[in-house]
Every structure is written in structure tokens, then in C-alpha cells.
Amino acid sequence: MPADQILFITLGLYLLGFSGLLFLRRNILVSGLSMALNLIGLGLAFYLIQTFDGPIAFEYPWVSFQKSNFSASILVNRLTLLLWGLVQFIALLVQLFSTKYMEKDDRYGQYFAYLNLFVFSMLGLVASGNLLFIFVFWELVGFSSYLLIGFWYKKQSATNASLKAFIINRIGDAGFLIGIALVYVQFQTLELTALSAIIYEPNGLLTLTGILLFAGCIGKSAQFPLQVWLPDAMEGPTPVSALIHAATMVAAGIFLLARVNFVFTSDAGLFIAAIGAITAVLAAYSAIFQQDIKKVLAYSTVSQLGLMVMAMGAGATHAALFHLFTHAFFKAGLFLIAGAIIHHFHHEQNMEKMGGLLRTKPLLTTLFIICAASLTGLPFFSGFLSKDAILISTWNWAKGSPALMIIPILGILASVMTGFYMMRAFVLVFMPRALEKQEKSPNSIFEWSIVPLALCSFWFVFGDSPLSFETSRFSSYFPISHQESHWLGYAVLCLSLIAIVASFFFSKREISNKFSEQSVWRKFGLNHFFIDSFYLNRIAKPMAGQLVSTDNEVLLHIKGFSKMVHRFDNEVIDGAIGLLSPLAKKTAAFTRYLDESWVDGTVNFISNGVRRIGGRLKLIQGGKIQSYLIALVLFLLAIMILLTLL
Amino acid sequence: MTAHLLSILIFLPLAGAAAVLLLPETAKKNAYRLTLVISVIALLICLYLYSGFDKEAIGYQFLEQKDWINLELGSLGAIHIQYLLGLDGISLPMVLLAGIVFLVATISSHSIAKRTKAYFSFYLLLMSSVFGCFVSLDFFLFFLFFEFMLLPMYFLIGIWGGERREYAAMKFIIYTLVGSVFILIVMLAMGLSVTDNPLSTELGKNIFSFDFRILSDASNYISGSVLDAKASNSLFGWPAKTVLFVLLLIGFGIKLPTVPFHTWLPDAHVEAPTAISVVLAGILLKVGGYAFLRIGIGFFPTEAFDMAYVIAGLGVLSIVFGAFNALAQDDLKKLIAYSSVSHMGFVFLGFAAFNEQGINGGIYQMFSHGILSAMLFLIVGVVYDRTGNRLIQNYRGLASKMPLFTGVVVIAFFGSLGLPGLSGFIGEFFSLLGAFNAPTLPLWLPSLAVLGIILSAIYLLWALQRMFFGEFWVNRSLQNEMTDLSQREKIMLFGLAVLAILFGVWPNLIFEVSHGAVDTFLSSTAK
């Protein structure tokens, strides 16, 4: 079967899943159908990967003008297939987990429908062969995320979170859109195959284009300064967090960077690496102080994404992709474990109230240790290989320029902190406490859906050597060139181990006596440097006023910039038009005055004059014969005098 | 009969308007039924025109030509006005949209109870005039229909509207009439500056004509007249042609509407009854855009090209200013009215690009906005019909009680903010791409327009979240009957939703009709 047919069938299956499941009611029917579709898709994906022998591109006419046209194109290369299989694999496990996690929800069908919509959009994104369709599916992925984060829409915090996620993503997408337009302006094409064949001359506009395309990644992959939506997105059901906000959707940004990496100039790369490093460190620090277990994992995700972005900026594309791949497994695993933990503690998410799972749920503990160790980057786990690849590649990129070295140092710092917060989470959640006794509960679907993910967190899936990433199986498809400075990997390992041990003792103390709440370090970490409240109070509120208030009763005042604009519209623009009305009336009154007193007045004046003259003249007709005789005599005299004179 | 389809499209509703008045008062429900039948027939005619349209041909199709007014001016010549109708790729999408919008608005007019006959009579008169505007190819005839649209709207808003209906109706008609005066000036100046060349040489004297095809051909301009580019006519120091173009810009800009000539729109929309708001936003605004393209840019291409940054600037100003205003609204209907102002800004932006992506994008934006804003105003109508109140803060969590309605609202709102897969994205994307790709426009101008995309997401999704999600609550002072969609509402809203999705995934349905005409348009107006 040709590749494009497989792609279309798979996409069609998930689209069918979305529209069909939206209205189904019976839980068994819903989950059975959904997972069947997923299995078929996964099977087809394996077949595609087996029969792949080189990049394929297809173009289908979509919009055609006289001189230009825009096609719906597909590009299938190794990068595509990597994510094509990854997304469906993790989606399958998440769906399995969800069958139990969401079983009591009465919108079960809608949940699985939205999951299918998400997989459809994500697969469309990775298969797209031009920037237009990448954008199309990019937005659709954001839409699915909106639906899933706000799934429990009756909860105010959930709908707020989904709105926030969409808007912040939109800001990134706006930059992305401008970047796409700039690509078109410079190269008159949006097709990836054509764009990758151009020899690029670095100039300012090209750097700007690269940075704008990266803006999409800043939004979608939660980089600084748009990372604030991801911790809030934890309001969604935990399986959703596992699928979307750990493994796949947020990885879309990294995918984009890999897809268009030929466009980035070295200046753009520097900017990207810097943003990645900053994000990684800020998020890792905040993860240390969080109380909610999902928030720890959320900040951890932001931090890991920062590391991937940093590697991308440093030109180590394949190293970043390697980490994307390994991270998907252990992070999804960690989130599902968190879901199982939350379920076990009856929907309690605060780690302070947990503890003792080491005794009651040994399998879960083991799975957690495996995934956490991989995240921390301990040897014999997959994370060690990929994290080393990133850190060493970035170090080698920055070598030689002291200023540039800050970037990999920040990355190392973030990696070391990873060990710290993961151990803290372990201690708080799993170590026994002197509190209530808990009964053991049997292992369920929860645990079994996590096992495959944990297994993939070991080194053996990726290569024969647990220590060297250049010879890993991943590297045979996405070559990572041999790197020097392997000592760095071991140095970071030592620092991480120190951090882990330190965290063990710190966290035990945290349980026994609460640390001072007033500590500045703690405050900055817990509130993620107040970035979020800055946006809320200094940007959102002044711009839109009551936009962010959600009280039930009627609100009378909308303060803020938008209200100012509206007042300008109402009072100045409309006011100017409104002035025309009294102006017209005054003109009319003036005209009336002119007409009545001047025009009409003249007419009246003439008629009055005539009347007065007439009035005077009529006095001649006195009726007295004597006056007529006198007049007659006077008149005759006058005529005779005149006649003698002439 | 197919040769006279366009005349049927105009005169059938006109005849219907007269027939409705002749109905006995006891049978006034028949007024609705008659109008519904006529709307369906009109839509069928539009679909037939669409399917019978030859996409490869150049020039106007379905032509109907009859001599109408012939005014002898002695030695000066004669004025020759024709009854001239025709369709090309630019007007066909508009005619199709008119058919769709009028049918939907008719269905929505079902509940008009007072003075039903008068309502439907005016409504059919409006329908006739709008179709006439889009198909007439004689400037005089076009102007006739253009003016004729205003009268029924004045009554429809002024009698069947909301609380401040008289103010809104008066504002609407006077404001638009001022614009029409400007257009009239231009029409006279143009008509008396062209000569119908083949006919003139045949008869030996000047034949002044208002035919669009003659007006767009510069070889027909009388030398020394106002239109002649070589003559140095000027008005107040500005070249005469520029003044004429600016007059057209203002006149049609009032209709579009563009900031700063838009302030009649929020009042007219808010006070008009639901069905009339649908017609106003769905199709009446498009007359402005279409006419500006055909007449403004079509007959004054040089001036339009020189002033491209002004047109684009007005477009971007509308986009951003309209969006900020929408953000500040409490009344859902006013929010959507301002969002209309904002979305029509993309039309000006696309046209100012003077390339095929921009102009095709602008036309598509008009088409898509017609469908989406019809949906949006129907949505407001659904809420208003149940409680009589449109303030956003009075509602909460409607999704629990009205799930189907919420689904439709999600489609309409996301379509309006430009989610790919729905029609709004296509119009906005290609207008923007054209604007970025335009040689005349600086890059920062369309970049500002992208800001509008963020803002539209903010105000629409805020309203969505505020009204539909969360715990169910309706302000105590309102009647609390929040039932889900009725059968009639379902038909209208689902139908429009299907169209929004259809034109979002298959844009070539419109583009293959319009791109030929746009190409002809561009090459004939090329410098």
C-alpha cells in the first residue's frame, strides 16, 4: 500500500473516531471503538516504518489562483515517522488508562472523541509538507487542547485554564503566522521540500523570520515568556496531561524547529538557545517548591522542553529529538503514575497529604523510580543518553566563547535541579510517614498501562551501550556526531547525585517540620517568579479590565484600555457625528431666522411701505369741495407760471 | 427562461412584495409562507447560476441588456442609460451569499407578529434591491438599487426594532445617504466623461454612458474631461480623479463599514430585530466591499494604487479598533457588531494588496463573514428570544442546559476567530498573505493586523467562557426558560455550521469562481 494511502486512512480513522464518539453513550462501546481505531492506526504505522525507504512527498491541489497555488502536501521522512509512531503509541496507553480513570464521567464519549480529534490533529501536523498546513493542524491541536483542558467545564478554574492556554498559544501563533508570511514574501513558496533546497544567505530579515517561526514554538512548547499556561493546564484530566502536555502537543514546537531548521541563522539559533536555557532553569527552580504533584511534573516538563529548545538553538537537532523521544515515554509514565496516585488518595493532589505508597503500592513505586531515574538522567536509563547528548552538544557549541558558556551552564543547573525535585517528590509521596495506616490495593489497569512506558525508559530500547549515545539505535537513524567532552556527562551525574542525596534529607525535614512560609526563595519558586501574576495584573487587567474577574453578580464597571478605546469611539468619533445633529438644527434655526426676518421681512417691508404711501395718498380725497377748488386754482396757476417761464 | 434568470431574481421578490400587501389581514401567516417560498426559489436560482457559471470564460455571463433611458441633449449629445445585468466571478459569490443569508433570515422572521404584511413586504423589497445591486452593470441602475436598499431598512429597523429604534434607523439612513451623495457626484462626473465609442462614431455625436464595461476602459474617456488622466483638472488643489476616488472611498467606506465611518453600525445592529441584523451583517455590508472593488478600484486603479497604504491603513485601523471596542462590551449583540467592523477590515487590507492572494482573500472574507455573522446574530437571537436580555454577565454555564446550542456557538465563535478548518481562516489568511506580499505596503502594517487575530480570540472566547461554562446561573430578574434549540433554530444553525465547515475545508468552491475574474480585474487595472 502506498504511503499516502496509509496516511489518509489513519487520519480518516481518527476523524471518524471524533465525529462518531461524540454522541455515543455506552462506555464499553466508546472505549472499545476508540482503542480499536488506535490499534489499527498503530499497526499501519509499524507497517509504514518497516517499508520506509526514503523521503516521500505528495502534493494535492487545494487552492489555485492564476499565478500561485497552495497545495495540501504531505512530507514523510524519518522525522515524520518518529512522531507518527510515538503519538499513537502513547495515545493507546493513555486511552487504556483513561478507561478506568474516566469511567464514572457521564461525558465519557465526548472525552474519547476529543482525544481522537487531538490524535488526528497531531498526526496531520507531523505529516504536513508545507508551512500552511503545519499551521492549520497546529491551530487544531491547540483547539483540541482547549476542549480537553476545559473538559470539566463546570469547574471555574478549568475553564479559566483552557481560555488562558488558548490565548497564550494564540499569541505565539500570531508570531508564527507573521513568520510564515515573511517566508512567503522572501521565497514565494511555503513547501518544505522547496524551502530545504534553498541556499540561505544570512541577513536580518531571515533572522527575524526564524525568530518569528520560533515564536510559535514559544507558545506551544511553553517557553519563556509564554510558559505560564502549562502549569494551569493541569486542570484537565491527568491522562490528558500525560498525552498532551508532556509527550506530544508540547513536543510539536520542538518538531517544528526540526522541520524548518534550515531557515535559522546562527543569530536566530543563539536567541533560541538562550530562551531555552532560561526557561529550563526558571522552571526547574519552581518545580522544587510546588505542593501539587501535577504542578511539579508540569514545571518539570517546561524545564525539559527548555533543554530541548536549547539544544535546537545550538544546532544539535538530533540530540534534541532524541531527548524528545525518551522524554515522551518517561514523562507520560510519570503523569499516569501521578494519575494513579491521585486516584488512590481520592483526588487529593497536594503532596503534603500523601505518603507511604512505598509499602502499599510497590509496583507503582517501582515504576515511579524507573521513570524518575530516567528523567534525572541516571545511567542505565534512556534519559541519561539523551540528556548527555544535549548537554555535551551544547557545551561543545558554546566552547570558545565565555559569554556563550552561560547557556550550557544554565542547562546543567536545570539538570541538576531535576534530581533534587524528583527525589523530593519521591520522599513526599512514597516514603512512609507516621500517619494513618493504608491498606494495599490491587494493581489495576492503571499500573499495567504504565509498564510499557517504564520499560521504554531503560537503556536497552535505544541501544546496546547504556553509556554512549552516539552508538545508540536512535543515532543510527538520526545521526549524532561523535562528541568530545564526555567528562561533562559524568560531572553532571556526580552533581545530580549530590543533589539527590541532599534532597532526600531536605525533604524528610520538610515533612517533619514545615519550612518557613516567609522565605523569599520559597515564594519565588512557588509562584514561578510571579510571572503569571505580572501578566494578570499588569497586562491583562489594564487592557481588558473586568475580563479576568469572574464574579456572578452584575458588574458595572469595565476599566482598562479597551474601555478607553470604546469611550473614544462613543464620545469622539460618534460624538463628532452626533455634533452634526445640533449643528443641523442650529443651521436650520438660523436659516429660519434669515427667512423670516430678512427675506420675508423684505417682502413685508415692501407691502408695509405700499400701505403707508397709500395711506398718505388717500388723504387727498378729503371730500371737502373747498379744498378741491383751492387745489384746482393752485394747479392752474402753477401751469400758467410754468408756461410763461418756458 | 435561463436567459432572464437575473431579472427573475430581481423582480420575483418585487412582485412578491406587492402580492403580500394584497393578502387579506386574516391570512397574514401566508405572508411568511409566500416570502419563504420566494426565498427558496431565489436560493435555487443562485445555485443554478453557480453551477452554470463558466469558470474559464472572461467577461460577464448571463447578460441581459435593454435600452432604458435615452436623454437627448441636442448638440451636446445624448445620455444613454441601459437596463444591464450580468454576473462575473466577483459578483457570483456575493449573489450566492445573498441567497443563503436571505433564506436564513426569512426562517428567522417566523415570529414577527405585529404588522406582518408590512414587514414581509419591506423585506422582499430589500431582497430585490440587494440582488439588483450585485448584478447590475449600469452605474445608474446600480445606484438606483443601492439607494433602494436604504428605504426598507429604515422602516424595518424603525418599526420592528428595539428600544432606541427610531434613533438607530434615522442615524443609519442619514449617514448612508450622505455616502450616497458622494457616490452620486462621482457617478455624474463619470457618466458625463465617457463616450460610448462604437455607438458615438456611428451616430456622429457624443453618447454618454454609464455602462460598467465602458467606464472601466480608459480609451473611452473624453479628452479634457474630469476622468482624463492627462488633463489637469483639479478641485481645491487636488487632482480631480483623486478627489473622486476619495469620495468613493468615503461613500463605500461608510457602508463597509470602515473606521472612522462605522459608528452607525453598532446602533443599527443592536436595535434591529434578529432577522434584520442577520441581513444587515450578512449581506448589506458586503455591498460596500463589492462596490468599492468594482467601482472604486476598478474605475480608478491608478489612484487606488497610489493610495494603497491609506486603504490598508483604514483596514488595519478597523481591525484593531473594532477589536478593542468589542473587548469593552457588555452587550453580546454589540460585541458581535464591533467584531463585524473588525472582520470587514480584512477586506480593505486584502484589496489594498493589489495581488491575487489579497483580492481573492478579500472576496472570500466577505463570503465567509456573511455566513459566520449570520450564525452569530442568530445565536444572540436564541438567547434574546428566551429572556429578552443580552448582557453577558447575566448568564453563566449555559452549556449544562443547552448542549447543542453550545456546540453551535463553539463552531461560530471559533470560525469567527479564524480557526483553520472553518471558513474564517481562509479569508483572513489569504488577505494577510496578500498584504504581506504586496509591493506597496510596508511589512509592519499587516503585522498589526495579526494583532487583531489575538484580540478576536480574546473577546470571543471570553464571552464564550463567561456565558457558557461554569456552573449554571441566570440573573434572577430574567425569566428562566433556558431550553435548548427549537426545531427551526436547529435547521438554521446546523445548516450554517455545515456551510462554515464546508467552506473551511474546500475553499476552491469559491476561489475557482473568483480567481479568473480577479485576474482579469488585475490585468485590466495594471499600470
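Refer to the structure presented above.
A. Main features of the overall build of chain B. Along its length, chain B carries 21 helices and 7 strands. Computed over C-alpha atoms, the radius of gyration of chain B comes to 23 Å, within 12% of the 24 Å expected from 2.2 N^0.38 for 527 residues, which places it in the range of a compact globule. Expressed as a percentage of its 527 residues, the buried residues of chain B come to 69%. In chain B, once contacts between residues fewer than 6 apart in sequence are set aside, the share between residues at least 24 apart is 79%.

B. Structural detail: the nonpolar core. Ile341 of chain A together with Leu49, Phe102, Phe139, Phe414 and Leu464 of chain B are the most contacted members of the largest nonpolar core, which totals 439 residues. Ranked by residues supplied to this core, first place goes to helix H14 (residues 317-344) of chain A with 18 residues. Setting aside residues no more than four positions away along its own chain, phenylalanine 139 of chain B makes contact with Ile183, Met187, Met190, Phe210, Phe212, Leu215 and Ile295 of chain B.

C. Local environment of the interface of chain A and chain B. Listed as interface residues are 56 residues of chain A and, on the opposing side, 64 residues of chain B. For the chain A and chain B pair, buried surface summed over both sides reaches about 5700 Å², with 67% attributable to carbon and sulfur atoms. Across the chain A-chain B interface, the total number found is 2 salt bridges. Across the pair aspartate 519 of chain B and lysine 67 of chain A runs a salt bridge whose closest N-O atoms are separated by 3.4 Å. Applying the counting rule to chain A against chain B returns 23 residue pairs in polar contact (both at pLDDT 80 or more). Of all the elements in the fold, those that place two or more residues in the side of chain A that touches chain B are strand S1 (56-64), helix H5 (131-149), helix H6 (156-187), helix H23 (531-544) and helix H24 (561-617) of chain A. The element that contributes the greatest number of residues to the side of chain A that touches chain B is H6 of chain A, accounting for 15 residues. Here the side of chain A that touches chain B is composed, by residue class, of 34 nonpolar, 13 polar and 9 charged.

D. Fine view of unusual backbone geometry. Here the amide bond leading from phenylalanine 224 of chain A into proline 225 of chain A is cis, since omega sits at 0 degrees, within 30 degrees of zero. Inspection of the secondary structure puts proline 225 of chain A in the loop between helix H8 (204-220) and helix H9 (229-232). Looking along the chain, the bond that leaves leucine 256 of chain B and enters proline 257 of chain B is cis, with omega of -10 degrees. Looking at the secondary structure, you find proline 257 of chain B in the loop between helix H9 (240-255) and helix H10 (264-271). Of note, glutamine 188 of chain A is a non-glycine position whose phi angle comes to about 55 degrees, a positive value. Relative to the assigned elements, glutamine 188 of chain A resides in the loop between H6 and helix H7 (192-196). The phi angle at phenylalanine 354 of chain B is positive, at roughly 55 degrees, despite the residue not being glycine. Mapped onto the elements, phenylalanine 354 of chain B comes out in the loop between helix H14 (332-352) and helix H15 (356-387).

E. View of the pattern of salt bridges. For the structure on display, the rule yields 15 salt bridges over all chains. Among the ionic pairs, glutamate 596 of chain A bridges to arginine 592 of chain A, the shortest N-O distance being 3.0 Å. Within this pair, glutamate 596 of chain A and its partner arginine 592 of chain A are both found in helix H24, separated by 4 residues, close to a single helical turn. You can call glutamate 596 of chain A partly exposed: its relative accessible area is 45%. For arginine 592 of chain A, a relative accessible area of 56% puts it in the exposed group. Between arginine 164 of chain B and aspartate 267 of chain B there is a salt bridge, with the nearest N and O atoms lying 3.6 Å from each other. Taken as a pair, arginine 164 of chain B in the loop between helix H5 (139-160) and helix H6 (165-191) and aspartate 267 of chain B in helix H10 lie far apart in primary sequence, 103 residues in all. For arginine 164 of chain B, a relative accessible area of 43% translates into the label partly exposed. By relative accessible area, which is 8% here, aspartate 267 of chain B ends up buried. Within this structure, Asp574 of chain A together with Arg164, Lys171 and Asp267 of chain B form a network of salt bridges that share partners.

F. Structural detail: the side chain of serine 339 of chain B. Residues and elements named next belong to chain B. For serine 339, the location among the structural elements is in helix H14. On the basis of relative accessibility, which here comes to 1%, the residue serine 339 falls in the buried class. Sequence-distant contacts of serine 339, defined by excluding residues within four places in its chain, comprise Ala326 and Tyr459.

G. Spotlight on the packing of aromatic side chains. Per the stated rule, a full pass over the model turns up 69 aromatic pairs over all chains. Between tyrosine 146 of chain A and phenylalanine 166 of chain A, the aromatic rings sit 5.7 Å apart at their centres with planes inclined by 70 degrees, giving edge-to-face as the arrangement. On the criterion of sequence distance, the pair formed by tyrosine 146 of chain A in helix H5 and phenylalanine 166 of chain A in helix H6 is long-range, its members being 20 residues apart. For phenylalanine 166 of chain A, a relative accessible area of 5% puts it in the buried group. Aromatic ring contacts, followed pair by pair, group Phe65, Phe70, Phe135, Trp138, Phe176 and Tyr184 of chain A together with Tyr364, Phe425, Phe429, Phe430 and Phe511 of chain B into a single cluster.

H. Expanded view of the pairing of strand S2 (residues 78-87) of chain B. All names here are of chain B. A large share of S2 lies buried, amounting to 10 of its 10 residues. What you see with S2 is no split at all: Ala78, His80, Gln82, Leu84 and Gly86 on one side and Ile79, Ile81, Tyr83, Leu85 and Leu87 on the other are buried throughout. Two strands pair when backbone bridges link them, and strand S1 (residues 61-72) and S2 are joined in this way by 9 bridges, in the antiparallel orientation. Directly across from leucine 71, in S2, lies its bridge partner isoleucine 79. Connecting S1 to the antiparallel partner S2 that follows it, the hairpin turn spans 5 residues, and glycine 74 within it adopts a positive phi of roughly 65 degrees.

I. Broad picture of the pairing of strand S2 (residues 69-76) of chain A. All names here are of chain A. Across the 8 residues of S2, 7 count as buried, placing the element largely inside the fold. In terms of strand pairing, S1 meets S2 through 8 bridges, oriented antiparallel. Following the sheet pairing, serine 64 is matched in S2 by asparagine 69.

J. Just the packing of helix H18 (residues 423-437) of chain B against helix H19 (residues 444-468) of chain B, in detail. Residues and elements named next belong to chain B. Contact geometry for H18 and H19: axes closest at 9 Å, N-to-C directions at 160 degrees. One way to sum up the angle between H18 and H19 is to call them roughly antiparallel. Every pair of crossing elements has a handedness; the one defined by H18 and H19 is left-handed. Between H18 and H19, the contacting residues are Glu428, Leu432, Ala435 and Phe436 on the first element and Pro446, Ser447, Ala449, Val450 and Ile453 on the second. For the contact of H18 with H19, the per-class residue count stands at 7 nonpolar, 1 polar and 1 charged.

K. Molecular detail of the sheet that holds S2 of chain B. All names here are of chain B. If you walk across this open sheet you meet the 3 strands as S1-S2-S3, and the pairing is mixed. Each edge of the open sheet is held by one strand with a lone partner, namely S1 and strand S3 (207-209). Neighbouring strand axes in the sheet, compared pairwise and without regard to direction, differ in orientation by 25 degrees on average. Where H5 meets the sheet, its contacts fall on S1 and S2, and the angle it forms with S2 comes to roughly 70 degrees.

L. Spatial organisation of helix H12 (residues 266-289) of chain A. With 24 residues, H12 of chain A should cover 34 Å at 1.5 Å per step; its first-to-last C-alpha distance of 36 Å lies within 8% of that length. Counting buried positions over the 24 residues of H12 of chain A gives 18, a clear majority of the element.

M. View of the environment of alanine 398 of chain A. Structurally, the position occupied by alanine 398 of chain A is in helix H17 (residues 382-398). Sequence-distant contacts of alanine 398 of chain A, that is, excluding residues within four places in its chain, are made with Leu404, Met405 and Pro408 of chain A.

N. Region of interest: the side chain of serine 514 of chain B. Positionally, serine 514 of chain B belongs in helix H21 (residues 508-524). Each residue touching serine 514 of chain B, except ones within four places of it in the same chain, is listed here: Gly89, Asn360 and Ile363 of chain B.

O. Up close: the environment of leucine 495 of chain A. Residue and element names in this part refer to chain A. By the element assignment, leucine 495 lies in helix H21 (residues 487-512). On the basis of relative accessibility, which here comes to 44%, the residue leucine 495 falls in the partly exposed class. Linking leucine 495 and serine 415, residues 80 residues apart in sequence, is a C-alpha distance of 9.2 Å.

Reading guide: rules and limits
Positions within a chain are numbered from 1, following the residues in the order the chain's sequence is written. Chains carry letters and ligands carry numbers; both start at the beginning, A for chains and 1 for ligands, and go up in the order they are written. Local features are withheld for residues below a pLDDT of 70 in this predicted model, meaning they are given only at 70 or higher, and side-chain atom pairs are given and counted only at 80 or more; totals for whole chains, interfaces and linings count all residues. The basis for every side-chain value is the complete set of non-hydrogen atoms in the structure, without hydrogens or water. In this description a helix means any DSSP run of H or I spanning at least four residues, a strand means any run of E spanning at least two, and both kinds are numbered starting from the N terminus. Only C-alpha atoms enter the radius of gyration; for comparison, a globular chain is expected to reach 2.2 Å times N to the power 0.38, where N is the number of residues. Remark: exposure states derive from per-residue accessible area (1.4 Å probe, protein chains only) relative to the maximum for the residue type, with buried under 20%, exposed over 50%, and partly exposed in between. We call two residues contacting when some pair of their heavy atoms lies within 4.5 Å. The term nonpolar core refers to a set of buried residues drawn from Ala, Val, Leu, Ile, Met, Phe, Trp, Tyr and Cys, joined through side-chain atoms within 4.5 Å. By buried area we mean the combined loss of accessible area, with a 1.4 Å probe, across both parts when two parts are placed together. In what follows, salt bridge is the name for a side-chain nitrogen of Lys or Arg lying within 4 Å of a carboxyl oxygen of Asp or Glu. Identification of polar contacts relies on pairs of N or O atoms within 3.5 Å, with a donor-acceptor requirement for protein atoms, meaning one able to donate a hydrogen and the other able to accept it, and with residues adjacent in sequence counted only if both atoms are side-chain atoms. In this classification, the charged set is Asp, Glu, Lys and Arg, the nonpolar set is Ala, Val, Leu, Ile, Met, Phe, Trp, Tyr, Cys and Pro, and all remaining amino acids, among them Gly, are polar. Pairing of aromatic side chains here covers Phe, Tyr and the six-membered ring of Trp, requires ring centres within 6.5 Å, and sorts the geometry by plane angle: under 30 degrees stacked, over 60 edge-to-face, intermediate tilted. Whether two strands pair comes down to DSSP finding at least two bridges between them. Interaxial angles span 0 to 180 degrees and are taken between N-to-C directions of axes, which are lines fitted to C-alpha atoms, for helices over the stretch in contact. Reported orientations rely on four angle classes, namely roughly parallel under 35 degrees, roughly antiparallel over 145, roughly perpendicular from 65 to 115, and oblique for the rest. Handedness of a crossing follows from how the near helix is turned relative to the far one, being left-handed for an anticlockwise turn of less than a right angle and right-handed for a clockwise one. Take the number of residues in a helix, subtract one, and multiply by 1.5 Å to get its expected span.

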